[in-house]
Amino acid sequence: MAGSRSGYGTLAAMKYRRLGSTGMKVSRVSLGSWLTLGSSIDAKRGQDLVACAYERGVNLFDTADIYADGGAEEALGRALAGIPRHHVVLATKCFFRMSDRPNDRGLSRKHIVESVHASLRRLGTDYIDLHQCHRPDPETPVEETVRAYEDLIRQGKVLYWGVSEWSADEIEEACRIADTKHAFRPVSNQPQYSIVRRQIEANVLPTCRRAGIGQIVFSPLAQGTLTGKYSGGGRPEGSRATDSQRNQFMGAHLTSDALARVDQLRPLAAQLDASLAQLALAWCLRDEGVASVIIGATRTEQIIDSCGASDLALPTATLDAIDRIFPA
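Residues numbered from 1 in each chain as written. Predicted model: local features only at pLDDT ≥ 70, side-chain atom pairs only at ≥ 80, totals over all residues. Heavy atoms only, no water.

> Outline the overall build of the chain, listing residues and values.
A tally of regular secondary structure across the chain gives 11 helices and 10 strands. Radius of gyration (C-alpha) of the chain: 19 Å, near the 20 Å computed for a compact globule of 328 residues. For the chain, the C-alpha atoms occupy an extent of roughly 50 × 45 × 40 Å along the three principal directions. Looking at the chain residue by residue over its 328 residues, the buried ones come to 53%. Counting only contacts in the chain whose residues sit at least 6 apart along the sequence, the fraction spanning at least 24 positions is 77%. (Helix = DSSP H or I, 4+ residues; strand = E, 2+ residues; numbered from the N terminus. Rg over C-alpha atoms; globule rule 2.2 N^0.38 Å. Buried < 20%, exposed > 50% of the residue type's maximum accessible area, 1.4 Å probe, protein only. Contact = heavy atoms within 4.5 Å.)

> Give a detailed account of the side chain of Thr318, specifying residues and quantitative values.
Within the fold, Thr318 resides in helix H11 (residues 316-325). Apart from residues no more than four positions distant in its own chain, Thr318 is found in contact with Leu268, Leu272 and Leu279.

> Run through the environment of Asp69, naming residues and quoting values.
Structurally, Asp69 is set in the loop between strand E4 (60-62) and helix H2 (71-79). Separated by 30 residues in sequence, Asp69 and Ser39 place their C-alpha atoms 9.5 Å apart.

> Help me get a handle on the pairing of strand E10 (residues 290-295), residues and values and all.
In terms of residue burial, E10 counts as a mostly covered element, since six of its six residues are buried. Two strands pair when backbone bridges link them, and strand E3 (residues 29-31) and E10 are joined in this way by three bridges, in the parallel orientation. If you follow Ser30 over to E10, its bridge partner there is Ile294. Pairing geometry for strand E9 (residues 214-217) and E10, over three bridges, is parallel. Across the sheet, Gln215 pairs through a bridge with Val290, a residue of E10. (Pairing = 2+ DSSP bridges.)

Right, dumping it as structure tokens:
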């Protein structure tokens, strides 16, 4: 990508972290495509969002085959077409059913290999930097999944593999099998994690630290709740909460108690001259094991604000106050 394509200014001071124990560095803030690219926003806006993120220093772009039934991968591929491929870390996933055919889902060798080939076509690229198992598959032996990724990595079609929403025991088992087969271990885990959803702290995070697996967390803003936009129970026009296709997982975040506690975070953000979103993202990044937080955006202003969390350090007093409001 030569120069500035979209006029969002110069490259921001984005910070980067190694993904787990690998040598690959990813931006602390990354751009996701669930419920946006290829679905709720048009192609022009999608291109503007990707360009804005790239120009703010974002290098990790996350998607999955199931998002918009492949439409998100296609939209992301088109939006990245003007950006040098080696500047980007492309992450996608497979597991969920893509058709009614019996083998068009899961983590069998057949489905993983075919899903990777389909994603390569949709993304318009020769290789995928990070391919992740979107969920565990109880019907497929983990050894089969490990071997499939071993082959894909040795073929150069995938550089690294990881998991998403796997339990600590499942992650340990995958690492154990990879080690016994002298195969490549998973290097990433993509869990849901935010101030209001801290379940991974008990077992998943400690397991991943020991295994050298980095976290690329999704919903760090709790479906937008931690931006403060739903304060007082309001639902702004055009927000996710007003869209029946995109608000299916928001119920628990929109209770009066949850929203009242979010409001208690406002003075903490104000003390740091930060937005509520920046506070929430920086809170996730306080843990060195979290390599990146995935944001969803429909406006460039959201991306610019979120990227400000990259180098926001939270004082101990702020962290203690957050723990009192949202205990683990």
